[in-house]
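Notes for the structure review
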Amino acid sequence: MSVNLQDRIALVTGASRGIGYFTALELAKAGAHVIACARTVGGLEDLDDAIKAAGGSATLVPFDLADMNAIDSLGASIFERWGKLDILVANAGVLGVISPIGHVEAKTFDKVMNINVTATWRLIRSVDPLLARSDAGRAVILSSGAAHKCRPFWGPYSASKAAVEALARTWAGETQSTPLRITSVDPGATRTAMRAQAVPGENPETLPHPSEVAKAILPLVGPDVTETGKLFIVRENKLVDYRLPE
């Protein structure tokens, strides 16, 4: 599907590698100016080179999502330079540890919740007024099948992604009467460093490349999107509704 994002401003977190990197690249190829955020400067510079080679443009913002004040400042900086934001892709996240819940160290649990949940909420709070200034604001919040499967030993990550989906659904309900459309995305198992950390014995060549996930995300941020508050399952290429427990 061809998506025209010419002259739109897009913010992508976790853009130095994996799904974030390739999503940022796809957005730039479609015409968006990408504000690329990540901790790793080298990865951001590689992304910038790839975007320029594709004829696109980007602004690199290296910072750690654990720095909540930096997230607040990011929204202010975007307003000062562009006056709005058209697209948010909240991709950055950490796995923590694969371990029985009772064995997880407090500092590990706190880090997972801080980066995956609190920073996502802080990011939403920072850019919500900017997305409201767009004629077709779009937000994609990266989730995981772990939010629903709740496998043994995945406790902190599963809990964090369930919380992230709750934030996205609440936000979508609050903005339903506005042009803003919000979608959670379950990318499925993907050939990323996080997946290798979680399942070290797995052959990565058996998994989809993150560029494939990026291509699936791109249509979700187009101006013609009408659905909001739903979950997009990349492996099934479909939007699904949420429902109460049965």
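Report follows, based on the coordinates. (Residues numbered from 1 in each chain as written. Predicted model: local features only at pLDDT ≥ 70, side-chain atom pairs only at ≥ 80, totals over all residues. Heavy atoms only, no water.)

Some words on the sheet that holds strand β5 (residues 138–142)
Taken in spatial order, the eight strands of this open sheet run β3-β2-β1-β4-β5-β6-β7-β8, and their pairing is mixed. Of all strands in the sheet, those bounded by a partner on one side alone are β3 (57–62) and β8 (238–240). Shown here is a sheet whose adjacent strand axes are inclined to one another by a mean of 20°, direction ignored. With five bridges joining them, β5 and strand β6 (residues 181–186) adopt parallel strand pairing. Bridged to R138 within β6 is R181. Of the strands in this sheet, β1 (9–13), β2 (33–38) and β4 (87–90) touch helix α1 (residues 18–29), which is tilted by about 170° from β1. (Pairing = 2+ DSSP bridges. Helix = DSSP H or I, 4+ residues; strand = E, 2+ residues; numbered from the N terminus. Axes fitted to C-alpha atoms, helices over the stretch in contact; angles between N-to-C directions. Contact = heavy atoms within 4.5 Å.)

Some remarks on the pattern of salt bridges
Counted under the stated rule, the structure contains 15 salt bridges. The partner of K29 in a salt bridge is E26, and the shortest N-O contact between them spans 4.0 Å. Residue K29 and its partner E26 are both found in helix α1; the two are separated by three residues, about one turn of the helix. Note that E236 and K238 form a salt bridge whose closest N and O atoms lie 3.3 Å from each other. Linked by salt bridges that have partners in common, R8, K84, D86 and D135 make up one network. (Salt bridge = Lys/Arg side-chain N within 4 Å of Asp/Glu carboxyl O.)

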